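# Residue-level structural notes
As a plain string of letters, each chain reads:
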Amino acid sequence: MRKLLALASLAITLSAGGVAQAELKGDPAAGREMAQSCAACHGAEGISAVDMFPNLAGQQASYLAKQIRDIRDGNRVVAQMAGQVDNFSDQDAADVAAYFAGKTPNLGQVDVQPEVIARGQQLYRAGDIAKGIPACTACHSPTGQGIGTAAYPALSGQKTDYIVSTLKAFAAGERANDPNAIMRTIAGKMSDDDMQAVSQYVLGLH
């Protein structure tokens, strides 16, 4: 219980503290042209047609800009993104992020067993005390919109395969660009079924 409260407290502290790097103000108009190369994987409107590629429409601009910088700087390795943002400046990252943040987000539809959704809802809204998993709402908000001031991503309507693969990457330590290893700690306590349940729940969350 103490560990669970400590994780929740850490999430709130990180949210209150904001992002470590002062965010540049993005220009959506400037980002529109650069974003055209993203369409092949993420869709012309930021909604991917492939489950393994994340939706970018409506994503928190601060989070997306950070991910672009992290990929560019080698702090996050994404094989499919190799070379795509190598020449981006911080301002370019902010502009592209602002462009996608202004797009209409995806509204997902869920068609799975009710018990799967119930488990996903439990984890998202209340966590699992026995496993030491805090509620996802602390960082991603009750409606899945994320927290822009802390660069925490929106999850509402996100692709299920992408959510699961991301959680597995955090759990295995293959992705390590999360503040204070908070996602690596949480994902490491989740079973495959937990990950699937959460992914299905956030798909239909809005």
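Our subject is the structure listed above.
Keep in mind that this is a model prediction, so the values were computed, not measured. (Residues numbered from 1 in each chain as written. Predicted model: local features only at pLDDT ≥ 70, side-chain atom pairs only at ≥ 80, totals over all residues. Heavy atoms only, no water.)

## Looking at the overall build of the chain
Convention followed: Under the scheme used here, helices are H or I runs from DSSP no shorter than 4 residues and strands are E runs no shorter than 2 residues, and both carry numbers assigned from the N terminus. Exposure is judged per residue with a 1.4 Å probe applied to protein chains only, and the accessible area is read against the type maximum: over 50% gives exposed, under 20% gives buried, and values in between give partly exposed. Residue contacts are defined here by distance: any two heavy atoms, one from each residue, within 4.5 Å place the two residues in contact.
Secondary structure summary: the chain contains 10 helices and 0 strands in total. Helices (α) and strands (β) of the chain occur, in sequence order from the N terminus, as α-α-α-α-α-α-α-α-α-α. When burial is assessed residue by residue, the chain has 46% of its 206 residues classed as buried. When contacts within the chain are restricted to residue pairs at least 6 apart in sequence, those whose partners lie at least 24 apart make up 69%.

## Brief notes about the packing of aromatic side chains
To keep it simple, the criterion reads: The pairing test for Phe, Tyr and Trp rings, Trp by its six-membered ring, is centres within 6.5 Å, and the orientation test on the planes gives stacked under 30 degrees, edge-to-face over 60, and tilted for anything in between.
Under the counting rule described, the total for this entry stands at 2 aromatic pairs. With 5.3 Å between their ring centres and 70 degrees between their planes, Tyr 99 and Phe 100 make a pair best called edge-to-face. When the ring of Tyr 124 is compared with that of Tyr 201, the centres are 5.7 Å apart and the planes differ by 50 degrees; the resulting orientation is tilted. Note that Tyr 124 is positioned in helix 6 (residues 114–125) and Tyr 201 in helix 10 (residues 192–203), a separation of 77 residues in sequence. The two residues Tyr 124 and Tyr 201 agree in class, both being buried.

## Some words on the environment of Asp 111
By the element assignment, Asp 111 lies in the loop between helix 5 (90–101) and helix 6. The exposure class of Asp 111 is exposed, given its relative accessible area of 76%. Spatially, the C-alpha atom of Asp 111 lies 8.6 Å from that of Gln 200, the residues being 89 residues apart in sequence.

## A closer look at the packing of helix 8 (residues 160–172) against helix 10
Angle between the axes and distance between the axes: these two values describe a pair of packed helices. Heads up, the condition is: Throughout, an axis means a line fitted to C-alpha atoms (over the contacting stretch in the case of helices), and angles, computed between N-to-C directions, take values from 0 to 180 degrees. By definition in this entry, angles of less than 35 degrees are roughly parallel, angles greater than 145 are roughly antiparallel, angles of 65 to 115 are roughly perpendicular, and the rest are oblique. Here a crossing is called left-handed whenever its near helix is offset anticlockwise from the far helix by less than a right angle, and right-handed whenever the offset is clockwise.
Running from amino to carboxyl end, helix 8 crosses helix 10 at an angle of 140 degrees, the nearest separation of the two axes being 9 Å. Relative to helix 10, the element helix 8 is oriented oblique. Considering how the two elements wind past one another, helix 8 and helix 10 form a crossing that is right-handed. Of helix 10, the residues touching helix 8 (which contributes Thr 160, Ile 163, Val 164, Leu 167, Lys 168 and Ala 171) are Asp 192, Met 195, Gln 196, Ser 199, Gln 200, Val 202 and Leu 203.

## Some remarks on the nonpolar core
Put simply, the rule reads: We call a set of buried Ala, Val, Leu, Ile, Met, Phe, Trp, Tyr and Cys residues a nonpolar core when their side-chain atoms join them within 4.5 Å.
In this structure, Tyr 124, Leu 167, Met 190 and Val 202 are the most contacted members of the largest nonpolar core, which totals 22 residues. Among the secondary structure elements, those contributing two or more residues to this core are helix 6, helix 8, helix 9 (182–187) and helix 10. Once you skip the residues sitting within four places of it in the chain, Met 190 turns out to touch Ile 133, Leu 167, Met 195 and Val 198. The next biggest cluster of nonpolar side chains, apart from the first, holds 14 residues, and it includes Ile 71, Val 85, Phe 88 and Val 96.

## Re the packing of helix 2 (residues 28–35) against helix 5
Direction vectors running N to C along helix 2 and helix 5 enclose 95 degrees, while the axes themselves pass 7 Å from each other. Between helix 2 and helix 5, the angle falls in the class roughly perpendicular. Every residue of helix 5 that contacts helix 2 at Pro 28, Ala 30, Gly 31, Arg 32, Met 34 and Ala 35 is listed here: Asp 92, Asp 95, Val 96, Ala 98, Tyr 99 and Phe 100.

## Considerations on the pattern of salt bridges
Rule in force here: In the sections that follow, a salt bridge refers to a side-chain nitrogen of Lys or Arg positioned within 4 Å of a carboxyl oxygen of Asp or Glu.
Inspection of the entire model under this criterion finds 8 salt bridges. Across the salt bridge formed by Asp 70 and Lys 66, the nearest N and O atoms sit 2.6 Å from each other. Taken together, the residues Asp 70 and Lys 66, both in helix 4 (residues 61–73) and 4 residues apart, mark about one turn of the helix. With its nearest N and O atoms 2.9 Å apart, the salt bridge here joins Arg 72 to Asp 90. With a gap of 18 residues between them, Arg 72 in helix 4 and Asp 90 in helix 5 connect regions that are remote in the sequence. Connected through salt bridges with shared partners, the residues Arg 119, Asp 128, Lys 131 and Asp 194 form a single ionic network.

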